[in-house]
Structures are given as C-alpha cells and as structure tokens.
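Now for the letters of each chain:
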Amino acid sequence: MEKNKSNKKAIIIGVSQLLLVFILLFITSCGDGGETHTIDLDFHKGTKGVEFDVLGVMGEIYEDTAFKIIINVFNNGAYDLPEANGGYVNLNLEEDYMCLSDGQNCLTTQNAGAAIKPLGYLKGKSIFNPSGDFEILEYYVHVKDIDKQSFQHTSNIGISLCYQYQTDLITDICIDPYFYEQSTIEKPCVVKDLTFSGQGAPLVVTKIENKMLSDGKDSVRPMFIIHVSKTGDGEIINKEMVNKVCTADPLGPNAFNVVHLRELEFMVGNTLYKHDINNENSNLKCNFLNKKSETKLNQGKAKIKCTAIKPINKDSGTFSTQLKMIFDYGYTYSKSKSVVIKRLY
C-alpha cells in the first residue's frame, strides 16, 4: 500500500515539473507587438564538451595483483553524440608491466581491442536534461611481476577520449542594400560586426564580420567572415577520423585541426541563401580547403569567408534576419596516471 502511494506521489511531482516547464515556455515566448523572446535556461553557452574522470588508480600497488579502473564520461556540452561511431575511450598500458585482464588472467593479443570502448548515445544538456548524459566504463587491469633486480617501477597509464561534436549558432544580422548611400531616415538596423563567447562546445564561434559588398547602385552582396577558435586542452580532429585517432590506425594529412561548415543560411523575403555541405549548387560561396567544406585551424583559430552569389537590391529594404550556422568536427584529449609497482618480497 505504501509503495503505491510513493509511486503516485512520484508521478504527481513529475507531471507538475513538466507543466511548470511548459508554462515557462509559454510565458517567455509570448509578448506585445509580436516580439521574439527566449527563456533564461540557455544551455548553448560555455566551452565544455564531453569530459571524463578516472577512478580506481592507486598511487602504489604490488606486483602480481589486480585492480579496476573506472572511467566516468560526462556530456557537459549542449550537443548529442551521434548514435553510431559517436566516440571512443582508449586505455593505454605499459605492456611489460600491466595488461588488461578478465579478472584473473591477462587477455590474449586477439582481445587487445578490449582497450578501446565505444561510447553510447550521450545526449547533451537541455531543458529536459540539464546535467547531460553520462556513461560508466570499467577496465580490469593485472599488474605483472617487475624486474627481480628492482624494488619498484613507476608505470604510466594513459586514457584517451575521441568523439564527434558540433557547434551551432543562430544570431540576428542586418542586411542593408543602401549601405553605401547617404540617408536621412533612421534605418531599422545597423550593419556591424558581432562577437560571441561560447555556444556550449569546445569549438567556439568568436566573431562574425558582417560586410556589404557593393554590386551597383542600391545593390549589395552580403559577405560574412566567421572566426572560430579551439578551447580546452584537447585537439580538434577531422570528424571522419575520430575512430582512427583513438585506435592508432594510420592517419591522413587532414586528421587534425580540421572543421566542416555543414550549413550556413539566412532568409531574404521568400528567398533562402544557403551553403549546404551536401549541395554543390549553394548560393553562398565560401573559401574552403577543398570540396568537402573543410577548414584548417592554424594555432587553434580559423576564418571562413562566405559571400552571397546573388545580389540583394533595394526592393528588400534594410532589414534584420537570422543567420544560422552549424560546424561539425571531432575532439580528443588525454589524461595520464602514474602507478608505483612494488615487489612483494
């Protein structure tokens, strides 16, 4: 009887919280004069992505013993990992002193792949999941005998994380076909550069230069110079090589410091101006490294210049519109732990 009451109470609390969320969304999305409002619960902030902690590694341990390493993986960013090949964790041991174990014996070389564990579908932070998803991985490690002439040996354990991620940004920009014409009338918006601090991912769009290129009288072609920057102690990697980076497979020349601009778009009336990585007929032209829409970072930074192919004339007037962009990439970083192995006798 008490169990049924507890279940009913939990259901009532859950429904109440859900209703509160919808009420907040309704209140903050409505306003006078058709204005657009957003709620304060914005998770597309900061520079964190997928992170991990290491537990179970002792500072000292005796030879011919075993211990368990626990890897806690957290998605602290705003984006979900892909359901397939989203990420990997790789454990690196000094083979002369340690080995992966089934709990009793060292695994054979045929089972060496057990050091590489795929990550599951980890969702990022959101209004319904404010902490983001997490996953727990476990490794059993056997400590081998050390050299009989040594009393102890310091061995290093390395843990590497590789994963696919993305960064997106939606912001208001001003388009002004009269940019080069003097006007005594106050315009509804002003063409200016925009700066940003983080979108909930380790790759950050830091600045957008908004330029109006003259294309004749009262006609312009908008040009955007998008600045991106890497944050954190890890490295940006090509999204197509995430599995290879963490598995020590041979790497190509563009394995590191490569990002893909998947999408860039804005509306002018009923016309969509768009760059699409899957569409060669995009009406926005960008300066990429190759046809894969790849951009190479230099010292953790890059600029991508995109220009409208079709001009915008005065019939559109000066107006504000939303500019949307999505970047795809991979990210990797490592941690190491030292263990002192002591002789039993």
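A quick note: this is a predicted structure, and the numbers were derived from the prediction, not measured.

What about the overall build of the protein chain?
- Across its full length, the protein chain carries two helices and 19 strands.
- Among the 345 residues that make up the protein chain, the fraction classed as buried is 40%.
- Considering only contacts in the protein chain between residues 6 or more positions apart, those separated by 24 or more positions represent 74%.
- Carbon and sulfur atoms make up 50% of the accessible area of the protein chain, which amounts to about 19700 Å² in all.

Some points on the state of the cysteines
- Taken as a whole, this structure holds four disulfides when the rule is applied.
- For C174, the disulfide goes to C189, at an S-S distance of 2.1 Å. The disulfide joining C174 to C189 has a torsion of about 70° about its S-S bond and is therefore right-handed. Within this pair, whereas C174 is found in strand β8 (residues 152–175), its partner C189 is found in the loop between β8 and β9 (194–195), the two being separated by 15 residues in sequence.
- Residue C189 is classed as buried on the basis of its relative accessible area of 14%.
- The disulfide partner of C286 is C306, and the gap between their sulfur atoms is 2.0 Å.

Observations regarding the confidence of the model for the protein chain
- Residue-level pLDDT values for the protein chain average 86, and 87% of them are 70 or greater.
- Confidence scores differ between elements of the protein chain, with helix α1 (residues 2–29) showing the lowest mean pLDDT of 44 and β9 the highest of 98.
- Contacts from residues 1–40, a stretch scored under 50 in pLDDT, to residues over four places away or in other chains number 13 contacts.

Digging into the environment of Y165
- Relative to the elements of secondary structure, Y165 occurs in strand β8.
- Overall, Y165 belongs to the buried group, its relative accessible area being 4%.
- Separated by 83 residues in sequence, Y165 and P82 have C-alpha atoms that sit 8.1 Å apart.

Topic: the side chain of S160
- Mapped onto the elements, S160 comes out in strand β8.
- A relative accessible area of 16% places S160 in the buried class.
- A polar contact of 2.9 Å, which involves the side chain of S160, links it to the side chain of S334.
- When near neighbours in sequence (up to four residues on either side) are disregarded, S160 contacts Y88, V89, N90, N92, C246, Y333 and S334.

Some points on the nonpolar core
- Counting residues in hydrophobic clusters, the biggest one holds 69 residues, and the most contacted among them are I71, M325 and F327.
- The contact partners of I71, leaving out residues within four places of it in the chain, are F52, D53, V54, V89, E135, I136, L137, Y139 and I159.
- The next biggest cluster of nonpolar side chains, apart from the first, holds six residues, and it includes C162, I237, V242 and C246.

About the cut-offs
- Every chain begins its residue count from 1, and numbering advances along the sequence as written.
- Side-chain atom pairs in this predicted model are given and counted only at pLDDT of 80 or more, local residue features only at pLDDT of at least 70, and totals for whole chains, interfaces and linings cover all residues.
- Think of the side-chain values as coming from all heavy atoms in the structure, minus any hydrogens and water.
- Per the convention used, a helix needs a DSSP run of H or I reaching at least four residues, while a strand needs a run of E reaching at least two, with both numbered from the N terminus.
- Here the term buried applies to any residue with accessible area under 20% of the maximum for its type, exposed to any over 50%, and partly exposed to those in between, with areas from a 1.4 Å probe on protein chains only.
- Note on contacts: a residue pair is in contact if any heavy atoms of the two residues lie within 4.5 Å.
- To be clear on the numbers: accessible area is Shrake-Rupley with a 1.4 Å probe, and residue cover counts the displayed protein chains and nothing else.
- Put simply, a disulfide is two cysteine sulfurs that come within 2.5 Å.
- Summary of the metric used: pLDDT quantifies the predictor's per-residue confidence within the range 0 to 100.
- In the analysis that follows, any N or O atom pair within 3.5 Å is treated as a polar contact, provided that within protein one partner can donate a hydrogen and the other can accept it, and provided that, for residues neighboring in sequence, both atoms belong to side chains.
- Take the buried residues of types Ala, Val, Leu, Ile, Met, Phe, Trp, Tyr and Cys, join any two whose side-chain atoms come within 4.5 Å, and each joined set is a nonpolar core.

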